[in-house]
Amino acid sequence: MRISEAARRLGTSARMLRYREDLGLLPQVRDPLPWPAPGLAGPSGPGAALVAAPGAMAARGAAGRPHGPAHRQFSEADLDAVAAALELERRYDISPASLAFGLRVLAEPPVRAAVADLGRRLGRIPATPVRALDFEKERALRLLSRG
């Protein structure tokens, strides 16, 4: 189904679905059409890079010619995934951008490490076991030096 129908069924707007797609909150499009389309020559010569933008896709018309960018089609699985994201946003009272960052933390190990480090510095995440053992070692040494 097209984006307008998907938005209507989800109770949101097509603009918000596009925003969520930009944030990475929609399932990735499966089998994107390549640019240039197979068997067709793409733009060439000076300025060709300006015409063929990265990620551009072409669909074929009845005569086999490209007729503009392909439009995303939403499946029932796509709608279920977006509905789950909307429910998380409502349940935890967060923005789509916050949810997208949470997914980035889970998906990208360097981001996860940086956020975990911040959490430890702020005292929101307990110290790692190694740091806890260092603390216990220091405490034991202090107690021994008193006696």
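Structure report, in brief. Source: prediction; values computed, not measured.

### Quick notes on helix H4 (residues 76–92)
Here comes step 1: Look at H4: 24 Å from first C-alpha to last across 17 residues, which is about the 24 Å you get at 1.5 Å a residue.
Here comes step 2: Of the residues making up H4, those classed as buried are Asp78, Leu79, Val82, Ala85, Leu86 and Glu89. Within H4, the buried residues cover an arc of 125° as seen down the axis, which keeps them to one side. Turned more than 90 degrees away from the buried face of H4 sit Asp80, Arg91 and Tyr92, all of them exposed.
Here comes step 3: Buried residues along H4 sit in contact with helix H1 (3–10), helix H2 (14–23) and helix H5 (96–107).
Here comes step 4: Once H4 ends, the next one or two residues include Asp93, with phi positive near 50°.

### Some points on a nonpolar patch on the surface
Here comes step 1: On the surface, a nonpolar cluster with roughly 260 Å² of combined accessible area is contributed by Leu88, Tyr92 and Ile94.
Here comes step 2: Relative to the helices and strands, Leu88 resides in helix H4.
Here comes step 3: For Leu88, a relative accessible area of 31% puts it in the partly exposed group.

### Points about the nonpolar core
Here comes step 1: Ile3, Ala6, Ala7, Leu10, Ala14, Leu17, Leu26, Phe74, Leu79, Val82 and Leu86 form the largest nonpolar core, which has 11 residues in total.
Here comes step 2: Listed by contribution, the elements that provide at least two residues to this core are H1, H2 and H4.
Here comes step 3: Broken down by element, this core gets its largest block of residues, four residues, from H1.
Here comes step 4: Not counting residues up to four positions away in its chain, the partners in contact with Leu17 are Ile3, Ala6, Ala7, Leu10, Thr12, Leu26, Phe74 and Val82.

### Some details on the environment of Thr12
Here comes step 1: Position of Thr12 relative to the elements: it lies in the loop between H1 and H2.
Here comes step 2: The exposure class of Thr12 is partly exposed, given its relative accessible area of 23%.
Here comes step 3: Counting along the chain gives 74 residues from Thr12 to Leu86, while the straight-line C-alpha distance between them is 9.6 Å.
Here comes step 4: Apart from residues lying up to four places away in sequence, Thr12 is in contact with Ala7, Leu17 and Arg20.

### Considerations on the packing of aromatic side chains
Here comes step 1: Tallying each qualifying case throughout the model produces zero aromatic pairs.
Here comes step 2: A cation over an aromatic ring shows up here: Arg72 above the ring of Phe74, its NZ or CZ 5.0 Å from the ring centre.

### Let's talk about H5
Here comes step 1: A rise of 1.5 Å per residue sets the reference length of H5, with its 12 residues, at 16 Å; its end C-alpha atoms lie 16 Å apart and thus fit the reference within 8%.
Here comes step 2: The complete set of buried residues in H5 reads Pro96, Leu99, Ala100 and Val105.

### A word on the packing of H5 against helix H6 (residues 109–122)
Here comes step 1: H6 packs onto H5 with a crossing angle of 105° between their chain directions and a minimal axis gap of 5 Å. By the criterion of interaxial angle, the relationship of H5 to H6 is roughly perpendicular. Contacts between H5 and H6 pair Phe101, Arg104, Val105, Leu106 and Ala107 from the former with Pro109, Val111, Arg112 and Val115 from the latter.
Here comes step 2: Within the contact of H5 with H6, the residues separate by chemical class into seven nonpolar, no polar and two charged.

### Describing the side chain of Arg72
Here comes step 1: Inspection of the secondary structure assignment puts Arg72 in the loop between helix H3 (48–51) and H4.
Here comes step 2: Side chain to side chain, Arg72 and Glu21 meet in a polar contact 2.7 Å long.
Here comes step 3: Only 2.5 Å separates the side chain of Arg72 from the backbone oxygen of Pro27, close enough to count as a polar contact.
Here comes step 4: For Arg72, the contacting residues outside a window of four places in its chain are Met1, Arg2, Glu21, Leu26, Pro27, Val29 and Asp78.

Parameters and conventions
Residues numbered from 1 in each chain as written. Predicted model: local features only at pLDDT ≥ 70, side-chain atom pairs only at ≥ 80, totals over all residues. Heavy atoms only, no water. Helix = DSSP H or I, 4+ residues; strand = E, 2+ residues; numbered from the N terminus. Expected span 1.5 Å × (residues − 1). Buried < 20%, exposed > 50% of the residue type's maximum accessible area, 1.4 Å probe, protein only. Arc of directions from axis to C-beta. Contact = heavy atoms within 4.5 Å. Patch = residues over 30% accessible without salt bridge, like charges linked within 9 Å, V, L, I, M, F, W, Y side chains within 5 Å. Areas by Shrake-Rupley, 256 points an atom, 1.4 Å probe, with all protein chains shown as cover. Salt bridge = Lys/Arg side-chain N within 4 Å of Asp/Glu carboxyl O. Core = buried A, V, L, I, M, F, W, Y, C linked by side-chain atoms within 4.5 Å. Phe/Tyr/Trp six-rings, centres within 6.5 Å; stacked < 30°, edge-to-face > 60°. Lys NZ or Arg CZ within 6 Å of the ring centre and 35° of its normal. Axes fitted to C-alpha atoms, helices over the stretch in contact; angles between N-to-C directions. Parallel < 35°, antiparallel > 145°, perpendicular 65-115°, else oblique. Nonpolar A, V, L, I, M, F, W, Y, C, P; charged D, E, K, R; others polar. Polar contact = N/O pair within 3.5 Å; in protein donor to acceptor, adjacent residues only side chain to side chain.

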